[in-house]
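Remarks on the overall topology
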Amino acid sequence: MSELFETFKATLSPMLVMFLCMIIGFAANKMKLAPENTATVLSKLENYFLVPALIINTFMKYCTVRSVTEQYKLILYCLAALVIALAVALPLSKVFAGDDAYRRNIYKYALAFGNFSFMGNAIVPAIMGDSMLYNYMLYILPLNVAVYTWGVIILIPKGEKTQNVLKNLLNPIFVSILIGVALGLSGLAESVPSFVRQTISSCSACMGPLAMILTGFVIGSYDIGGLIKNKRVYIATFLRLIVLPTAFILLLRLLGADKNTLYLTLFAYGTPLGLNTVVFPAAYGSDTSTGASMAMISHTLCVITIPVMYALLTILF
């Protein structure tokens, strides 16, 4: 029991750091300490600079021919869990949203994808170390492909212009993966000037805290009382944070996955609901309350669920 408690405390600490950053963003919005377009600015900084910096920094350090050949199974494990996640999300979305077609799509996305990018990329190195972040990024490649194809398409309201799938994939995240892979596999990373490497490393260190400040700022735009009243969101959050990751962990264990892969599965599928269910409806003038409620409730509860599940994984497997 003492080992379980110590593991829980060690995991809780970085989660509380992320949560406090979210509170900072929330307070900045409520106290009007930042302009209204702050969320847009922070989002662009994250997507165009900080997340790409983190990806390039990680891949050029750890992506080698040997690591790719040894870790390719990670992609297959994630793909197996993703197929089941999509199979579960489609019928359950109708239970949550009934005949409201667009709200069904919100629930489809929420049940299929957690905040595996911003949140996952931040907590994996904090809990498991920088070297495991590379394995995590390999693991979530199928999730990135699914989000920027099917995920983006379902979040665009019916009647709006359908985006080109190939164009969706040619985003800063995928481009940065290609750059990082090229630098790592070719060995050219050592030829990159030290001041450039240091700049990339410094920017990558800002990704996690700023992502959570952004999350808090977006949530701060809404009335908290209204967000916590949606009972269906609590059920969806319970599925997102506990039921689905537990099911996937047990499945991959049966398939022979090692403990580190099970940890990565927890961080990929047990992370809270992301901001796309707020950003896309807002961009097209649709109701954002469901997505905002999901983001607030799940980001708050994950501070406890992730450390508890990580500690249980450490003890049981």
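Let me sum up the structure you'll find in this document.

Conventions and cut-offs
Residues numbered from 1 in each chain as written. Predicted model: local features only at pLDDT ≥ 70, side-chain atom pairs only at ≥ 80, totals over all residues. Heavy atoms only, no water. Helix = DSSP H or I, 4+ residues; strand = E, 2+ residues; numbered from the N terminus. Rg over C-alpha atoms; globule rule 2.2 N^0.38 Å. Contact = heavy atoms within 4.5 Å. Areas by Shrake-Rupley, 256 points an atom, 1.4 Å probe, with all protein chains shown as cover. Salt bridge = Lys/Arg side-chain N within 4 Å of Asp/Glu carboxyl O. Buried < 20%, exposed > 50% of the residue type's maximum accessible area, 1.4 Å probe, protein only. Axes fitted to C-alpha atoms, helices over the stretch in contact; angles between N-to-C directions. Parallel < 35°, antiparallel > 145°, perpendicular 65-115°, else oblique. Left-handed = near helix turned anticlockwise from the far one by under 90°. Phe/Tyr/Trp six-rings, centres within 6.5 Å; stacked < 30°, edge-to-face > 60°. Polar contact = N/O pair within 3.5 Å; in protein donor to acceptor, adjacent residues only side chain to side chain.

Some points on the overall build of the protein chain
- Within the protein chain one finds 16 helices and 0 strands.
- Radius of gyration (C-alpha) of the protein chain: 19 Å, near the 20 Å computed for a compact globule of 317 residues.
- Dimensions along the principal axes, computed over C-alpha positions, put the protein chain at roughly 50 × 45 × 40 Å.
- Taking contacts inside the protein chain between residues at least 6 apart in sequence as the whole, the part at least 24 apart equals 85%.
- Of the roughly 14500 Å² of accessible surface on the protein chain, a fraction of 67% belongs to carbon and sulfur atoms.

A word on the pattern of salt bridges
- Scanning the entire structure with this criterion turns up 2 salt bridges.
- Between Lys-9 and Glu-6 there is a salt bridge; the shortest N-O distance is 3.6 Å. Of this pair, Lys-9 and Glu-6 both sit in helix α1 (residues 2-30), 3 residues apart, which is roughly one turn of that helix.
- For Lys-9, a relative accessible area of 39% gives the class partly exposed.
- Overall, the relative accessible area of 45% leaves Glu-6 in the partly exposed class.
- For Glu-70, the salt bridge identified is with Arg-66, shortest N-O distance 2.9 Å. Of the two residues, Glu-70 and Arg-66 are both situated in helix α3 (residues 65-71); the distance of 4 residues between them amounts to about one turn of the helix.

Some details on unusual backbone geometry
- With a phi close to 55 degrees, Lys-32 is a non-glycine residue in the positive phi region.
- With respect to the helices and strands, Lys-32 occurs in the loop between α1 and α2 (38-62).

What about the packing of helix α14 (residues 259-269) against helix α16 (residues 289-316)?
- Relative to each other, α14 and α16 sit at 165 degrees, their axes nearing to 11 Å. Viewed along their axes, α14 and α16 adopt a mutual orientation that is roughly antiparallel. Note that α14 runs across α16; the crossing there is right-handed. Of the residues in α16, those touching α14 at Lys-259, Leu-262, Tyr-263, Leu-266 and Phe-267 are Ile-306, Met-309, Tyr-310, Leu-313 and Thr-314.

Structural notes on the packing of aromatic side chains
- Scanning all chains against the criterion turns up 8 aromatic pairs.
- For the ring pair Tyr-148 and Phe-174, a centre distance of 6.1 Å and an interplane angle of 80 degrees mean the geometry is edge-to-face. Remark: Phe-174 occurs in helix α10 (residues 172-186) and Tyr-148 occurs in helix α8 (residues 141-155); sequence separation between them is 26 residues.
- Exposure remark for Tyr-148: the relative accessible area of 18% places this residue in the buried category.
- Its relative accessible area of 15% is what places Phe-174 among the buried residues.
- One aromatic cluster in this structure is built from Tyr-109, Phe-113 and Trp-150.

A few points about the side chain of Thr-271
- Tracing the sequence through the fold places Thr-271 in the loop between α14 and α15 (276-283).
- A distance of 3.5 Å separates the side chain of Thr-271 from the backbone oxygen of Phe-267, its partner in a polar contact.
- Here the side chain of Thr-271 touches Ala-268 through a polar contact of 3.4 Å, landing on its backbone oxygen.
- Excluding its chain neighbours within four sequence positions, the residues that come into contact with Thr-271 are Gly-114, Asn-115, Phe-116, Met-119, Gly-120, Ile-123, Arg-240, Leu-241, Leu-266 and Ile-306.

Everything listed here is a matter of geometry and, on its own, says nothing about what the molecule does.
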